[in-house]
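Each chain, written out:
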Amino acid sequence: MADNWKTVLQRYAETDPKQIPDAILFYATEHNLVIFDLYNKSIFHLLIIPRTRPPHYTAARLKNLRTLFQGDKQRAKELIDHMKEDAEELIKKIEAWMLKHYKFKWDVWVGFHAVQSLDHVHLHVISADMQSEHLKNKKHYNSFHPRLGFFIHLDDILDWFEAVPSVWRKNIELNPAFFEPLLKKDLECYYCYEEFRNMPQLKKHLKEHWEKLKAAGIAQAQRKKKFDEMMQASKKKKEEEQKKKEQGKGAADGDTGVEDGGEQETGTPGSSGEDGGTGTPKKTAESELGTQGQGGKDGTPSKRPSAEPAPEDSEPPAQKRTRLQDPDPSWQF
């Protein structure tokens, strides 16, 4: 009976996912199965187990991390990488559950036990709260303590593959004689490092941390929601203002503001005898320049012969002055 319990994960890995009960299997991917830990130690606790795929990933090769790492290193790396990919997708799903049921999200730990209690490699994906009725004793708690060392984080395992050969060989020994004593260490709060004599005291303390974490998380989520709503309203307002501005510009471009026939240039004689468009009487050549042969009253020649342009300080009376094109020193800026 004990052997049946110890090899349960191995049997799942060799089974067609369609034959695994929904209460156990969350979903399956090409390389792994994602199953619920029926004795969860936190609110969210699932396992990722690699599917048996002979000839390279047999039940014997996947018995535990030691047997996996003693085989082909590159194939072991590929298997761990696939587990990481599925873990990242699983975390997204867990965070969605957190937001739906708890209105905020918190940390998720991802890692392996240095010494497994069940045969077959399996990756724990567990929320960082330790709020479960199944968390009953020191061994349970210390096996998931994030800093004690028995729980080896996935990213640390991946770093092993980049280590020099001597460090790699040392790490993959995973000697039970070194790791199992860690499960007997004194109870210490993973959050604030306070020590406790027994599990009831520790669990009460962890509950207090959890309530504070939840209250702060919900408040932060509400602030973020309010901020996002304000930003969205501001963005919408700017878009509406821009739209009105573009509509106004389009209407202005469509209105030329010029009557049929166009505006005649100031000072140009019109057929009606008036200055076109200005309402100013038309000046004849005689009134503009005088009779060239007569000159002034004293008989002197005219100072403005028709062959010369008028000086710059002489503008036609009706010419419209613009600030940019024809500045006047008398203007006050």
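Below or above, wherever it landed, is the structure these notes cover.

Procedures and definitions
- Residues numbered from 1 in each chain as written.
- Predicted model: local features only at pLDDT ≥ 70, side-chain atom pairs only at ≥ 80, totals over all residues.
- Heavy atoms only, no water.
- Helix = DSSP H or I, 4+ residues; strand = E, 2+ residues; numbered from the N terminus.
- Buried < 20%, exposed > 50% of the residue type's maximum accessible area, 1.4 Å probe, protein only.
- Contact = heavy atoms within 4.5 Å.
- Phe/Tyr/Trp six-rings, centres within 6.5 Å; stacked < 30°, edge-to-face > 60°.
- Lys NZ or Arg CZ within 6 Å of the ring centre and 35° of its normal.
- Disulfide = S-S within 2.5 Å.
- Core = buried A, V, L, I, M, F, W, Y, C linked by side-chain atoms within 4.5 Å.
- Pairing = 2+ DSSP bridges.
- Axes fitted to C-alpha atoms, helices over the stretch in contact; angles between N-to-C directions.

All right, on to the side chain of Thr 67 then. Relative to the helices and strands, Thr 67 is located in helix 3 (residues 65-69). The buried category is assigned to Thr 67, whose relative accessible area is 17%. Filtering out sequence-adjacent residues up to four positions away, Thr 67 remains in contact with Ala 60, Arg 61 and Leu 62.

Under the counting rule described, the total for this entry stands at 18 aromatic pairs. Ring geometry for Phe 161 and Trp 168: centres 4.9 Å apart, planes at 40°, overall tilted. In this structure Phe 161 comes out as buried when scored by relative accessible area, which is 8%. Through pairs of rings, three or more aromatic residues link up here, namely Phe 26, Tyr 27, Phe 36, Phe 44, Trp 97, Tyr 102, Phe 104, Trp 106 and Trp 210. One residue, Lys 73, lies across the ring of Trp 168, its end atom 4.6 Å from the ring centre. Its guanidinium or amino end placed over the ring of Tyr 27, Lys 93 lies 5.4 Å from that ring's centre, counting from NZ or CZ.

What follows is about the state of the cysteines. Disulfides are covalent bonds that connect the sulfur atoms of two cysteines. Tallied over the entire structure, the rule returns 0 disulfides. Unpaired in terms of disulfides, Cys 189 finds its nearest cysteine sulfur in Cys 192, a separation of 3.7 Å. We classify Cys 189 as buried; its relative accessible area is 0%.

A word on the nonpolar core. Side chains of a nonpolar character, in soluble globular proteins, are inclined to be buried together. Counting residues in hydrophobic clusters, the biggest one holds 43 residues, and the most contacted among them are Phe 69, Ile 80, Phe 112, Val 125 and Ile 157. Of all the secondary-structure elements, those providing two or more residues to this core are strand 3 (45-50), helix 3, helix 4 (73-102), strand 4 (108-113), strand 5 (123-127) and helix 6 (154-160). In terms of residue count, the dominant contributor to this core is helix 4 (9 residues). With residues up to four places along the chain from it excluded, the contact list for Val 125 reads Phe 44, His 45, Leu 46, Ile 48, Ala 87, Leu 90, Ile 91, Ile 94, Val 108, Trp 109 and Val 110. Residues Met 130, Leu 135, Tyr 190 and Phe 196 belong to the second largest nonpolar core, which totals 15 residues.

A few words on the environment of Lys 93. Relative to the assigned elements, Lys 93 resides in helix 4. When neighbours within four sequence positions are excluded, Lys 93 is seen to be in contact with Phe 26 and Tyr 27.

It is worth spelling out the sheet that holds strand 6 (residues 151-153) at this point. Read from one edge to the other, the open sheet built from 6 strands follows the order 1-2-3-5-4-6, with strand pairing classed as antiparallel. Each edge of the open sheet carries a strand with a single partner, namely strand 1 (25-28) and strand 6. The sheet shows a mean angle of 30° between the axes of neighbouring strands, direction not considered. Across 3 bridges, the pairing between strand 4 and strand 6 is antiparallel. Residue pairing in the sheet places Gly 111 in a bridge with His 153 of strand 6. The sheet strands contacting helix 4 are strand 1, strand 2 (32-36), strand 3, strand 4 and strand 5, and the helix crosses strand 3 at an angle near 155°.

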